[in-house]
Amino acid sequence: MLTLIKIELEKTFCHRRSYIGFLAIFVIIVIVQLAMYVEGNSLLSFFIQNLKDVFLFEGNLLNGYFITFILLNSMWVLMPFLVSLIAGDMIAGEANNGTLRMILIRPVSRRNLIIAKLVAVIVYVFLIVLFLMASSLLLGQLLFGAGDLIVYHGSLNIFEESDVMWRFIMAFIYGFLGMMVVASLAFLLSAFTENSLGPIIITMALVIGFTIISNLNLELFNYIRPWVFTTYISSWSLFFDYVVDWQRAIESAIISVLHIFVFCGIAILYFNKKDILT
Amino acid sequence: MLEEIKKKYEEINDYQVKVHIHVDIDFLKIPDKKATVYFKRPNKFRMKTKGFAMLPKKGVNFVPTDFIKGEYTTISVSNNEIIAVVKIIPHDTESDLILSTLWIDIQKKRIIAVDANTKKAGSYKVDLSYTDNPFDFPSVVNVSFDIKEFELPISFTGEFIKKEIKKAKDGETKGRVTLSYSDYKINEGIDDKIFNKK
């Protein structure tokens, strides 16, 4: 089993395509950080425009944490695409290339093979989310230093520097869970098809469609909202509420994990009985 | 009586004081902060703190005579043995202050509350509590004011669902800041370097 996992990891990280995500993230982070270095104060002034008339300020809010939060808010739009690009290709890509049947001719069980592929997806998602968090935090600290964090999440929240890092760690864990839900869906769709483009496009279409349902404040959607997985993908931002709603956070984590198990479970069951023709 | 109060504060050249800041605004959540405030005549002011802190522009640099600067007209509204209520109209047409109402403790010759109407900052109210600070400096200052409701474009927040904010009137919400002062050091001399911001 370990050998299978090793092979799948090697296959995943030997593809140049696997590094597109890392490169895209890094380039965006560098561009945004440099732009913030030049124009960050204007953006921050916009955040606190109403308060400036009434208050005197002391201290620096344009710091690495603020930039990281801005980046995270924007990057979660791109991240589902990056993870579905790899997870959607994991099985369908091999079927498309005709290598899947060749692998299964050898004495490996289907169950072990798909689990090894799933582990490779989990490792990839973990690394790309970690890379996003670590690179934006490190570069932010390097260019802007640390300090209290100001965010707009329902209200304008200001957190003390000592109160910030655990929130980013929890955001990373929940971001990982959210991206794993997307990756699991792409992985499931990948098991159904022989063309890797299909799972990627369907996953993205579902993510975009469900995100609209999750976020639009229409009464009709209130009934549907709890049943679409995108409602829980953005749970990482719960940790930037001034008082964290732990019940909602725990519920979100449980529902995300359930989604992952259901999507991957169906993928494994289906793949075990799939008629592999290519 | 106002001139007596004014004279008492005119002896102050500089002061530094520790302040505990509690901000209570519907759309703003910030932990209580501790800072040190420095003041030197005629108008040098600096707040120093670890991290970030905010102080209301009105009521922070509170030498209570701010409301009775220059020439002014007074109208006595009520006057009993304990508290006098006086309206102050400054003569200076350039003054930001339009009208202020002062509640004065007659026996101790202290301003205990101010209701001010200004051109730029709108109206605000300041309540002062005293202990035994030198020069009758206040121990606790409560500043209440109206503030424009805070709103960011969706593109900044990613939030399509708006949470409700209590509104005082159209587009405005109530704000309140409590400043608890301690450890006053008055007329001990403050180096000018302190007022140079990095």
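None of the values given here were measured: they were computed from a predicted structure.

1. Describing the overall build of chain B
Inference 1: Helix and strand counts for chain B come out as two helices and 12 strands.
Inference 2: Ordered by position in the sequence, the α and β elements of chain B form the string α-β-β-β-β-β-β-β-β-β-β-β-α-β.
Inference 3: In chain B, which comprises 198 residues, the share counted as buried stands at 45%.
Inference 4: When the accessible surface of chain B is summed, it comes to about 10,800 Å², and 48% of that surface belongs to carbon and sulfur atoms.

2. Examining the overall build of chain A
Inference 1: If you tally the helices and strands in chain A, you get 12 helices and three strands.
Inference 2: Relative to the compact-globule value of 19 Å for 278 residues, chain A shows a C-alpha radius of gyration of 21 Å, a close match.
Inference 3: Summarising its shape, the C-alpha atoms of chain A cover approximately 75 × 45 × 25 Å along the three principal directions.
Inference 4: A burial count over chain A gives 53% of its 278 residues as buried.
Inference 5: Residue pairs at least 24 apart in sequence account for 79% of intrachain contacts in chain A once pairs closer than 6 positions are excluded.
Inference 6: Only carbon and sulfur atoms are counted for the fraction: they give 69% of the accessible area of chain A, which is about 12,700 Å².
Inference 7: Side-chain charges in chain A split into 15 positive and 17 negative, and the spacing between the mean points of these groups amounts to 19 Å.

3. Observations regarding the interface of chain B and chain A
Inference 1: Each side of the interface is counted separately: chain B has 39 residues, and chain A has 31 residues.
Inference 2: Roughly 3,300 Å² of surface becomes buried between chain B and chain A when both sides are summed, with 64% attributable to carbon and sulfur atoms.
Inference 3: Between the two partners, chain B and chain A, sit three salt bridges.
Inference 4: A salt bridge links B:Arg46 to A:Glu58, with the shortest nitrogen-to-oxygen separation between them at 3.1 Å.
Inference 5: Listed by contribution, the elements that provide at least two residues to the side of chain B that touches chain A are strand E1 (14-25), strand E2 (28-29), strand E4 (44-49), strand E5 (53-56), strand E11 (140-148) and helix H2 (154-157) of chain B.
Inference 6: It is E4(B) that provides the largest number of residues to the side of chain B that touches chain A, a total of five residues.
Inference 7: Residues that form the side of chain B that touches chain A fall into these classes: 23 nonpolar, three polar and 13 charged.

4. Re the side chain of B:Asn142
Residues and elements named next belong to chain B.
Inference 1: Inspection of the secondary structure puts Asn142 in strand E11.
Inference 2: A polar side-chain atom of Asn142 sits 2.7 Å from a polar atom in the side chain of Thr178.
Inference 3: In contact with Asn142, not counting residues within four places along its chain, are Lys125, Val126, Asp127, Arg176, Val177 and Thr178.

5. Re helix H2 (residues 18-47) of chain A
All names here are of chain A.
Inference 1: Given a rise of 1.5 Å per residue, 30 residues ought to cover 44 Å, yet the end C-alpha atoms of H2 are separated by just 37 Å, more than 12% below that figure.
Inference 2: Of all the bends found along H2, the most pronounced is centred on Glu39 and spans about 75°.
Inference 3: Every buried residue of H2 is accounted for by Ser18, Gly21, Phe22, Ile25, Ile29, Gln33, Met36, Gly40, Leu43, Leu44 and Phe47.

6. Digging into the packing of aromatic side chains
All names here are of chain A.
Inference 1: Applying the stated criterion across every chain, the model contains 29 aromatic pairs over all chains.
Inference 2: Both rings, one in Phe210 and one in Phe229, keep their centres 5.4 Å apart while their planes meet at 75°; by these two values the pair is edge-to-face. Highlighted residues: Phe210 in helix H9 (residues 197-215) and Phe229 in the loop between helix H10 (219-224) and helix H11 (230-233), separated in sequence by 19 residues.
Inference 3: The class of Phe210 is partly exposed, set by a relative accessible area of 24%.
Inference 4: Relative accessible area serves as the criterion here: at 5%, Phe229 is assigned to the buried category.
Inference 5: An aromatic cluster is defined as three or more aromatic residues linked by ring pairs; in this entry it consists of Phe13, Tyr19, Phe22, Phe26, Tyr124 and Phe131.

7. Quick look at the nonpolar core
Inference 1: In this structure, A:Phe55, A:Phe66, A:Leu149, B:Ile21 and B:Leu28 are the most contacted members of the largest nonpolar core, which totals 139 residues.
Inference 2: At 18 residues, helix H8 (residues 165-192) of chain A tops the list of elements feeding residues into this core.

8. What to know about the pattern of salt bridges
Residues and elements named next belong to chain A.
Inference 1: Applying the stated criterion across every chain yields a total of 15 salt bridges over all chains.
Inference 2: Residue Asp89 pairs with Arg17 through a salt bridge whose shortest N-O separation is 2.5 Å. In this pair, Asp89 is assigned in the loop between helix H4 (64-87) and helix H5 (92-97) and Arg17 in the loop between helix H1 (2-14) and H2, connecting sequence segments 72 residues apart.
Inference 3: Classification of Asp89 as buried rests on a relative accessible area of 14%.
Inference 4: Residue Glu94 is joined to Lys117 by a salt bridge in which the shortest nitrogen-to-oxygen separation is 2.6 Å.

9. So, the pairing of strand E9 (residues 110-118) of chain B
All names here are of chain B.
Inference 1: Bridge count for strand E8 (residues 97-105) against E9 is eight bridges, and the pairing is antiparallel. In the sheet register, Ile104 faces E9, and the bridge partner there is Ile111.
Inference 2: Between E8 and E9, which pair antiparallel in sequence order, lie four residues; one of them, Lys109, sits at a positive phi of approximately 55°.
Inference 3: Relative to strand E10 (residues 123-129), E9 runs antiparallel, the two being bridged by five bridges. Paired with Val114 across the strands is Val126, a residue of E10.

About the criteria used
- Residues numbered from 1 in each chain as written.
- Chains lettered and ligands numbered in written order.
- Predicted model: local features only at pLDDT ≥ 70, side-chain atom pairs only at ≥ 80, totals over all residues.
- Heavy atoms only, no water.
- Helix = DSSP H or I, 4+ residues; strand = E, 2+ residues; numbered from the N terminus.
- Buried < 20%, exposed > 50% of the residue type's maximum accessible area, 1.4 Å probe, protein only.
- Areas by Shrake-Rupley, 256 points an atom, 1.4 Å probe, with all protein chains shown as cover.
- Rg over C-alpha atoms; globule rule 2.2 N^0.38 Å.
- Contact = heavy atoms within 4.5 Å.
- Lys, Arg positive; Asp, Glu negative; His and termini not counted.
- Charge placed at Lys NZ, Arg CZ, Asp CG, Glu CD.
- Buried area = accessible area lost by both parts, 1.4 Å probe.
- Salt bridge = Lys/Arg side-chain N within 4 Å of Asp/Glu carboxyl O.
- Nonpolar A, V, L, I, M, F, W, Y, C, P; charged D, E, K, R; others polar.
- Polar contact = N/O pair within 3.5 Å; in protein donor to acceptor, adjacent residues only side chain to side chain.
- Expected span 1.5 Å × (residues − 1).
- Bend = angle between axes of the 7 residues up to and from the residue.
- Phe/Tyr/Trp six-rings, centres within 6.5 Å; stacked < 30°, edge-to-face > 60°.
- Core = buried A, V, L, I, M, F, W, Y, C linked by side-chain atoms within 4.5 Å.
- Pairing = 2+ DSSP bridges.

Such coordinate-based values are descriptive only and should not be taken to indicate function.
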